[in-house]
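Survey of secondary and tertiary structure
Take a look at the letters that make up each chain.
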Amino acid sequence: MSVSKWRGQQMMLVAIVILIAVGVAVALTGFGETSPKPDLSRGDPGSATTLAFAPPPEVPPTIFAPETPDEARASNAAVPLVTATPTASVPFRYKGSPEDLAAAQACLAAAVLYEAGDDPPGERAVAQVVLNRLRHPAFPKTVCGVIFQGSERKTGCQFTFTCDGSLARPLSAEALARAREIAEAALSGFVYKPVGTATHYHTDWVVPYWRSSLEKIAIVHTQIFYRWPGIWGSRHRLTGQVQPGERPDARLPGLAELAPAGDPPMVASDAALPLPPALTIAGLSADALNGNIVRLKDEEAAQYVLQLDPSAHPNSYAMVGLRICGAKTECTIFGWTSAADIPRSLPILPLAMRSVAFVFRKSAVLGLARASWDCTRFPRPPAQCLR
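Residues numbered from 1 in each chain as written. Predicted model: local features only at pLDDT ≥ 70, side-chain atom pairs only at ≥ 80, totals over all residues. Heavy atoms only, no water.

Attention now moves to the packing of aromatic side chains. Per the stated rule, a full pass over the model turns up 10 aromatic pairs. Between Tyr 114 and Phe 161 the ring centres are 5.4 Å apart and the planes differ by 15°, which places this aromatic pair in the stacked class. With Tyr 114 in helix 3 (residues 98-116) and Phe 161 in the loop between helix 5 (143-147) and helix 6 (173-186), the pair connects residues that are 47 residues apart, well separated along the chain. The pair formed by Tyr 114 and Phe 161 is uniform in burial state, with each residue classed as buried. Taking the centre distance of 5.4 Å and the plane angle of 55° together, the rings of Phe 358 and Trp 373 count as tilted. Of this pair, Phe 358 sits in strand 7 (residues 358-363) while Trp 373 sits in strand 8 (residues 368-373), placing them 15 residues apart in sequence. Trp 373 carries the same exposure label as Phe 358, and that label is buried. By the ring-pair criterion, three or more aromatic residues cluster together here, those being Tyr 317, Phe 358, Trp 373 and Phe 378. Above the ring of Trp 373, the side-chain terminus of Arg 380 is found at 3.8 Å from the ring centroid. (Phe/Tyr/Trp six-rings, centres within 6.5 Å; stacked < 30°, edge-to-face > 60°. Helix = DSSP H or I, 4+ residues; strand = E, 2+ residues; numbered from the N terminus. Buried < 20%, exposed > 50% of the residue type's maximum accessible area, 1.4 Å probe, protein only. Lys NZ or Arg CZ within 6 Å of the ring centre and 35° of its normal.)

Right, here's the structure in full:
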């Protein structure tokens, strides 16, 4: 065989090997499908090599770790932001029947007001999260469906106002009118850029168990916002379209009636609702409670709400906390001295925590059993004061 012929065969063999390698690479990257390029310059977590057919992540219920507000704030502050400029979502414009649009606006207005209070930046942030969820493959494809997902549960719903009794509270005309304007703008293409592609958030005084599996990307006042890591946190996955058939919760019609003019621009106090009846705790006598009354309890989460005896010595509250928690590995006691301030349902809303008088926390994992008091009412050493 001549040298030139041998070299020609060698070059042909090399070409065949290269073609085979290219074919294998194409097969491994989704049969030649071209994925959108991630915007790495702005912290976009998209990956062009992620398989297109991977299932979306599961959405866990929102359950909080048993931490006091001060512990939660410290814990949340220790988690760094993964990006200073999260990639903004693309505009969303609601396409549906007038009836569906009206229902979507009602659901979204209720969500932004009950979740963020009468705080326009916070309300816009919540609205953006709802729409990010709507377009994400992991969530329902109606606005009301996203908001009321899991509301049939006593705890663990996606938006706490849907399962904690908040919908029984009246709203003022002024606050609800602003919430409706924010909802209408969000459904008409307004994008609240500071929260990017966030699909999860929580207030800084709680720690949900899902926090460690997501990326912290934004803070708006007391709300912290998160996205999934990788391709599922990218705006390239926010492509879902709204489906017809908005089904607002049966409790929502009351929101259509505006409260009389002159009401305060915030959600009404729990004092307007009846006080929960006194409860018992298995294995604990009434005498062991030392005059305090158990108003709410969640045995599974080991959380208890007490109406404290204001005439009792403050130290006695800690003794009652020890008795209630007993051999439990994780346990939290919240106490109020005024019946008007006592929450009417669990989980406890942030507004109610502003008037809490006493907290007892026991954690075998953290190795602590600590009592804290409101030192504006009970003089205590600084280390024992609630902030």
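Summed over all chains, the structure comprises three disulfides. Each sulfur in the disulfide pair Cys 325 and Cys 331 lies 2.2 Å from the other. Because the torsion about its S-S bond is -75°, the bridge between Cys 325 and Cys 331 counts as left-handed. By relative accessible area, Cys 325 is classed as buried at 1%. (Disulfide = S-S within 2.5 Å.)

The next subject is the nonpolar core. The biggest cluster of nonpolar side chains holds 52 residues, and the ones touching the most others in it are Leu 108, Val 143, Ile 147, Phe 161, Leu 187 and Phe 225. Contributions of two or more residues to this core are made by helix 3, helix 4 (120-135), helix 5, helix 6, strand 2 (215-220) and strand 3 (223-227). Counting residues per element, this core draws most heavily on helix 3, which supplies 10 residues. Here Val 143 is in contact with Tyr 94, Ala 104, Cys 107, Leu 108, Val 130, Leu 134, Leu 187 and Glu 246, once residues within four sequence places are set aside. (Core = buried A, V, L, I, M, F, W, Y, C linked by side-chain atoms within 4.5 Å. Contact = heavy atoms within 4.5 Å.)

A few words now on empty space enclosed by the protein. Considering all chains together, one arrives at one cavity of 30 Å³ or more under this definition. For the largest cavity, the calculated volume is near 30 Å³. Mapped onto the lining of the largest cavity, the elements with two or more residues apiece are helix 4 and helix 6. A total of three residues in the lining of the largest cavity trace back to one element, the largest contributor, which is helix 4. Residues that form the lining of the largest cavity fall into these classes: five nonpolar, one polar and one charged. (1 Å grid on protein atoms, 1.4 Å probe; cavity = no way out; pocket = protein on both sides within 12 Å on 5 of 7 lines; lining within 4 Å. Points joined across faces, edges and corners; volume = space filled by probe spheres on them. Nonpolar A, V, L, I, M, F, W, Y, C, P; charged D, E, K, R; others polar.)

On to the layout of surface pockets. The space that makes up the second largest pocket amounts to roughly 240 Å³. Considering the residues around the second largest pocket, the lining is formed by 11 residues, among which Pro 69, Met 353, Arg 354, Val 356 and Arg 387 are closest to the centre. When residues of the lining of the second largest pocket are traced back to their parent elements, those giving at least two are helix 2 (69-77) and helix 8 (350-353). The element contributing the most residues to the lining of the second largest pocket is helix 2, with three residues. Per-class residue counts for the lining of the second largest pocket are six nonpolar, no polar and five charged.

Geometry only, nothing functional implied.
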